[in-house]
Amino acid sequence: MNLEPAETRTLQFGPFWVLSAVAGTYNRFKSYELAAFWDTVVAVALRTPRPARDILTSMAEDRSALLLDFELDDRPVVSGLRQILEILVRIEPETSSDFRLALLRIGVDVARNRGPYGRIITAEQEQLLLLLAELLEMDSVSDISDVLV
């Protein structure tokens, strides 16, 4: 993928926007939330094909600088996800689909971690994840259903 540095950074912010949506806060994450988030990003990256995986793994290069950049960014969740879609429409369809699916998987894992016993997604969180899938313009019901199970 030939992306400008600002476009790469926007894609790197994607998982943070997902975390923000699920956690209900934009930048006041607790340390244990961030620890679980980073574990989730790593786990999802391992299941994501390249080159979409490369975007996720690039987040680990300097986590604290990335988090600071995200906290200083003024784009709300919906605007940020819209900008991600504008970038993804210009890259290979398979990579675009893989990255969208990775973002949804991150959301599902974060929601599951926040749910009862750290294993169950609440009905409210499930509705939020369906909205997230809609914002990501994911149209494959089977992909969405498989992830939510």
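Structure's up top.
The model shown is predicted, which means the values in this text are computed figures rather than measured ones.

Observations regarding the packing of aromatic side chains
In the structure shown here, the tally under the stated rule is 8 aromatic pairs. Each ring, one from F13 and one from W17, has its centre 5.7 Å from the other, and the planes form 85°; the classification is edge-to-face. Note that F13 and W17 are positioned in helix α1 (residues 5–23) at a spacing of 4 residues, about one turn of the helix. W17 shares its class with F13; the two are buried.

Some words on the side chain of T95
Within the secondary structure, T95 is located in helix α6 (residues 93–114). When sequence neighbours within four positions are dropped, the list of residues in contact with T95 reads M1, P51 and A52.

Description of the pattern of salt bridges
Taken as a whole, this structure holds 8 salt bridges when the rule is applied. E7 is the partner of R90 in a salt bridge, and the nearest nitrogen-oxygen pair spans 1.9 Å. One end of the pair, R90, is in the loop between α5 (77–88) and α6; the other, E7, is in helix α1, with 83 residues separating them in the sequence. Classification of E7 as buried rests on a relative accessible area of 17%. Close ionic contact of R82 with E137 constitutes a salt bridge, the shortest N to O distance being 3.0 Å. Linking R82 in helix α5 with E137 in the loop between α7 (123–135) and α8 (141–148), this pair joins segments that are 55 residues apart in sequence.

Points about the nonpolar core
Counting residues in hydrophobic clusters, the biggest one holds 45 residues, and the most contacted among them are F37, L56 and F99. Going through the elements one at a time, α1, α2 (31–46), α3 (52–58), α4 (63–72), α5, α6 and α7 are the ones with two or more residues in this core. The greatest single-element share of this core, amounting to 9 residues, is contributed by α6. If sequence neighbours within four positions are ignored, F99 has contacts with L11, A52, I55, L56, I84 and L88.

Reading the values: the criteria
Residues numbered from 1 in each chain as written. Predicted model: local features only at pLDDT ≥ 70, side-chain atom pairs only at ≥ 80, totals over all residues. Heavy atoms only, no water. Phe/Tyr/Trp six-rings, centres within 6.5 Å; stacked < 30°, edge-to-face > 60°. Helix = DSSP H or I, 4+ residues; strand = E, 2+ residues; numbered from the N terminus. Buried < 20%, exposed > 50% of the residue type's maximum accessible area, 1.4 Å probe, protein only. Contact = heavy atoms within 4.5 Å. Salt bridge = Lys/Arg side-chain N within 4 Å of Asp/Glu carboxyl O. Core = buried A, V, L, I, M, F, W, Y, C linked by side-chain atoms within 4.5 Å.

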